[in-house]
Amino acid sequence: MAVTIEELYRNYGILADAKPEDLSQHKDAYQVILDGVKGGPKEKRLAAQFIPKFFSSFPELADAAINAQLDLCEDEDVSIRRQAIKELPRFAAGENIVRVADILTQLLQTDDSAEFNQVNTALVSIFKMDAKATLGGLFSQILQGEDIVRERAIKFLSIKLKTMPEDAMTKEVEDYIFTETKKVLEDVTGEEFVLLMRILMVLKGLQTVSGRQQLVELVVEQAFLEQALNPADPDTVDRLLQCTRQALPLFSKNVHSTRFVTYFCDHVLPNLSSLTSPVAELDIQLEVLKLLAEMSPFCGDMEKVEANLAMLFEKLLEFMPLPPEAEGENGENTLSDEPKLQFSYVECLLFSFHQLGKKLPDFLIDKINAERLKDFKIRLQYFARGLQVYIRQLRVALQGKTGDALKTEENKIKVVALKITNNINVLIKDLFHNPPSYKSTVTLSWKPVQKAEAVALKRPSGEDMGAGSTMKKQLSPPLPRRDARQIYNPPSGKYSATIGNFSNEQRGGFRGGRGRGFGGRGGRSRGRIY
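This is a predicted model, so every value here is computed, not measured.

### Focus: the overall build of the protein
- Helix and strand counts for the protein come out as 22 helices and 0 strands.
- Relative to its 530 residues, the protein shows a buried fraction of 51%.
- Intrachain contacts of the protein at a sequence separation of at least 6 include 76% that bridge at least 24 residues.
- Only carbon and sulfur atoms are counted for the fraction: they give 49% of the accessible area of the protein, which is about 24500 Å².

### Some remarks on the packing of helix H10 (residues 171-184) against helix H11 (residues 190-201)
- Put simply, H10 and H11 touch, their axes get as near as 11 Å, and they point 165° apart. Relative to H11, H10 is oriented roughly antiparallel. The hand of the H10/H11 crossing is left-handed. Residues Ile177, Phe178, Thr181 and Val184 of H10 lie in contact with H11, whose contacting residues are Leu196, Ile199 and Leu200.

### Focus on the packing of aromatic side chains
- Scanning the model with the defined rule gives 14 aromatic pairs in all.
- Ring centres 6.3 Å apart and planes at 80° place the aromatic pair Phe139 and Tyr176 in the edge-to-face group. Residue Phe139 is located in helix H8 (residues 131-144), and its partner Tyr176 is located in helix H10; the two are separated by 37 residues in the primary sequence. A single burial state applies to Phe139 and to Tyr176, both of which are buried.
- Residues Phe343 and Phe383 carry aromatic rings whose centres are separated by 5.7 Å and whose planes lie at 85° to one another, so their mutual orientation is edge-to-face. Taken as a pair, Phe343 in helix H17 (residues 343-357) and Phe383 in helix H19 (residues 370-398) lie far apart in primary sequence, 40 residues in all. Comparing Phe343 with Phe383 shows no difference in burial state: the two are buried.
- Among the aromatic residues, ring-to-ring pairing joins Tyr9, Tyr12, Phe50 and Phe54 into one connected group.
- Across the ring face of Phe54, the terminal group of Lys53 is positioned such that the distance to the ring centre comes to 6.0 Å.
- Taking NZ or CZ as reference, Lys290 lies 5.5 Å from the ring centre of Trp446, over its face.

### Describing the pattern of salt bridges
- Taken as a whole, this structure holds 24 salt bridges when the rule is applied.
- Measuring nitrogen to oxygen at the nearest pair gives 2.7 Å for the salt bridge that ties Arg245 to Glu287. Linking Arg245 in helix H13 (residues 234-247) with Glu287 in helix H15 (residues 284-295), this pair joins segments that are 42 residues apart in sequence.
- For Arg245, a relative accessible area of 1% corresponds to the buried category.
- For Glu287, a relative accessible area of 2% puts it in the buried group.

### What about helix H5 (residues 78-87)?
- For H5, the full list of buried residues reads Ile80, Arg81, Ala84, Ile85 and Glu87. For H5, the angular spread of buried residues about the axis comes to 165°, placing them on one side.
- Lining the buried residues of H5 we find helix H3 (41-53), helix H4 (62-73), helix H6 (96-107) and helix H7 (113-129).

### Here's the deal with the confidence of the model for the protein
- The pLDDT averaged across the protein works out to 84; a share of 82% of its residues lies at or above 70.
- At the low end of the mean pLDDT range in the protein sits helix H22 (residues 469-474), at 35; at the high end sits helix H14 (residues 258-268), at 97.
- Note on residues 452-517: pLDDT is under 50 here. Beyond four places in sequence and across chains, it has 164 contacts.
- Considering only residues more than four positions removed or in separate chains, one finds that residues 521-530, a stretch of pLDDT under 50, has 30 contacts.

### Some remarks on the side chain of Ser352
- Counting through the fold element by element, Ser352 comes out in helix H17.
- Note on Ser352: relative accessible area 1%, which makes it buried.
- Side-chain polar atoms of Ser352 contact the backbone nitrogen of Ala293, separated by 3.5 Å.
- Here Ser352 is in contact with Leu292, Ala293, Ser296 and Leu312, once residues within four sequence places are set aside.

### Structural notes on helix H1 (residues 5-17)
- Look at H1: 18 Å from first C-alpha to last across 13 residues, which is about the 18 Å you get at 1.5 Å a residue.
- Among the residues of H1, those classed as buried are Ile5, Leu8, Asn11 and Leu15. Along the axis of H1, the buried residues cluster in a sector spanning 135°; they form a single face. More than 90 degrees from the buried face of H1, the exposed residues found are Glu6, Arg10 and Asp17.
- Taken together, the buried residues of H1 touch helix H2 (27-35) and H3.

### Observations concerning the nonpolar core
- Residues Tyr30, Ile51, Leu104, Phe353 and Leu364 are the most contacted members of the largest nonpolar core, which totals 160 residues.
- When residues of this core are assigned to their parent elements, the largest contribution, 11 residues, is made by H19.

### Let's talk about unusual backbone geometry
- The omega angle of the peptide bond from Asn434 to Pro435 is 0°, so this bond is cis rather than trans.
- Within the secondary structure layout, Pro435 lies in the loop between helix H20 (409-432) and helix H21 (454-457).
- Even without glycine at this site, Phe224 takes up a positive phi of about 55°.
- Looking at the secondary structure, you find Phe224 in the loop between helix H12 (209-223) and H13.

### Things to note about the environment of Ala131
- Looking at the secondary structure, you find Ala131 in helix H8.
- Distance in space between the C-alpha atoms of Ala131 and Thr170 is 8.9 Å, their sequence separation being 39 residues.
- Excluding its chain neighbours within four sequence positions, the residues that come into contact with Ala131 are Ala168 and Val173.

### A short note on the packing of H3 against H5
- Packing of H3 against H5 leaves a shortest axis separation of 9 Å and a crossing angle of 5°. Between H3 and H5, the angle is such that the two are roughly parallel. Residues Pro41, Lys44, Arg45, Ala48, Gln49 and Pro52 of H3 pack against Ser79, Ile80, Gln83, Ala84 and Glu87 of H5.
- Among the residues making up the contact of H3 with H5, the classes are represented as 5 nonpolar, 3 polar and 3 charged.

The rules behind these values
- Residues numbered from 1 in each chain as written.
- Predicted model: local features only at pLDDT ≥ 70, side-chain atom pairs only at ≥ 80, totals over all residues.
- Heavy atoms only, no water.
- Helix = DSSP H or I, 4+ residues; strand = E, 2+ residues; numbered from the N terminus.
- Buried < 20%, exposed > 50% of the residue type's maximum accessible area, 1.4 Å probe, protein only.
- Contact = heavy atoms within 4.5 Å.
- Areas by Shrake-Rupley, 256 points an atom, 1.4 Å probe, with all protein chains shown as cover.
- Axes fitted to C-alpha atoms, helices over the stretch in contact; angles between N-to-C directions.
- Parallel < 35°, antiparallel > 145°, perpendicular 65-115°, else oblique.
- Left-handed = near helix turned anticlockwise from the far one by under 90°.
- Phe/Tyr/Trp six-rings, centres within 6.5 Å; stacked < 30°, edge-to-face > 60°.
- Lys NZ or Arg CZ within 6 Å of the ring centre and 35° of its normal.
- Salt bridge = Lys/Arg side-chain N within 4 Å of Asp/Glu carboxyl O.
- Arc of directions from axis to C-beta.
- pLDDT = per-residue confidence, 0-100.
- Polar contact = N/O pair within 3.5 Å; in protein donor to acceptor, adjacent residues only side chain to side chain.
- Expected span 1.5 Å × (residues − 1).
- Core = buried A, V, L, I, M, F, W, Y, C linked by side-chain atoms within 4.5 Å.
- Nonpolar A, V, L, I, M, F, W, Y, C, P; charged D, E, K, R; others polar.

Set out below in structure tokens:
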């Protein structure tokens, strides 16, 4: 016979009125409350509140009490489930914490938003009671649970861990997170990898140089840098992009990017044109060049500096055309002969070349024969002359524009284009020095700047006007004269409208499986339910 509301209140009264030392004598009264889970909605709501209140007084009924509360957590009535979940942290004591954390982690799979938030709140609550035990329940499900539970448990940690109080995040807890995360990383998808790295990056113990180096080692292991790149496989390309993006914020003057830069020079640049993009709208060539450029300032000592510079040099030649030779009947270059100047690509390659060039300053003097060097300087000069025309036109277009006027899509693109062209201009001038110089500093066009874009609107100084005095004279008028050799017709150059939106976050997940690391994870058992 089902327990009634009256019986629940009567037995609750017995327990509430009893002295703490006498509570254990009223086991039958507590059993009646446990039986309330078999009643109707009102009885269940009361049971959800009464069971945890006296839970600690009846250790011999602990399993029965937890199971009764779990029955309520699975009830068809969402309001009953929410009430039962809200009270779950009251069962989290001693050895029960891991079990409660395991249960709450499984409950993350709910599709009800209010219930989901209640589970999150409960997990945070018990985390503050015993962080390591709570993590034990979470990682148990991450390693063994269903995919949706695993996914939501990882997201929970990636979002909530950084908000936990400092006294909960002890060294022991952080070490435990690191150890368990390494286990999870043995078999992850691309999205999971990004979230797990986010978890590790908030740990105080990994904010040191040695800590960041440990994180880089984890990324290197996932990136498979010891294997040749298959440019035709989008999953392989995507894995490399994901890993490089995660490693980027870890690099510094003390934590070097050498292995990644070397891999890009050895395996990515030679296959640049044949790379298969993992995302249809992604300019994969520009993406990898941007990653290489961002890493290059943090490159340490390299075994093959000359070979790497030679590869960058060859790629620069590909994207820096020679001046057109064919002329029209009137002696001017025809429009069809104008090669496109691919500014975004050249900015990345020149920047990377400039950074690695510091390690071998005599490369353009001693390592390149005279004819090739002459050819290179002709290309540089042609590119620089085209730059000046474009820079002038961009400055005129942006002159006087401030605030909201600069926020239109058209003007935002022009502002970024001006950053790109100014950067290239500075780097080309360095290479025109005799001997070539590698001292100038530029901020890559897609990197955030602290100051307003006033610099983009100022009048060009004499130093802004090209790589040589001849160019200054030829490009001194606001627009190129017809007798100044029409070598460029802006804006035929190529730059990406999204270049300012470069992100370290992953774009698209990994597909397909492999035994270890990224890809679809192998089949796992469903995992125990509660």
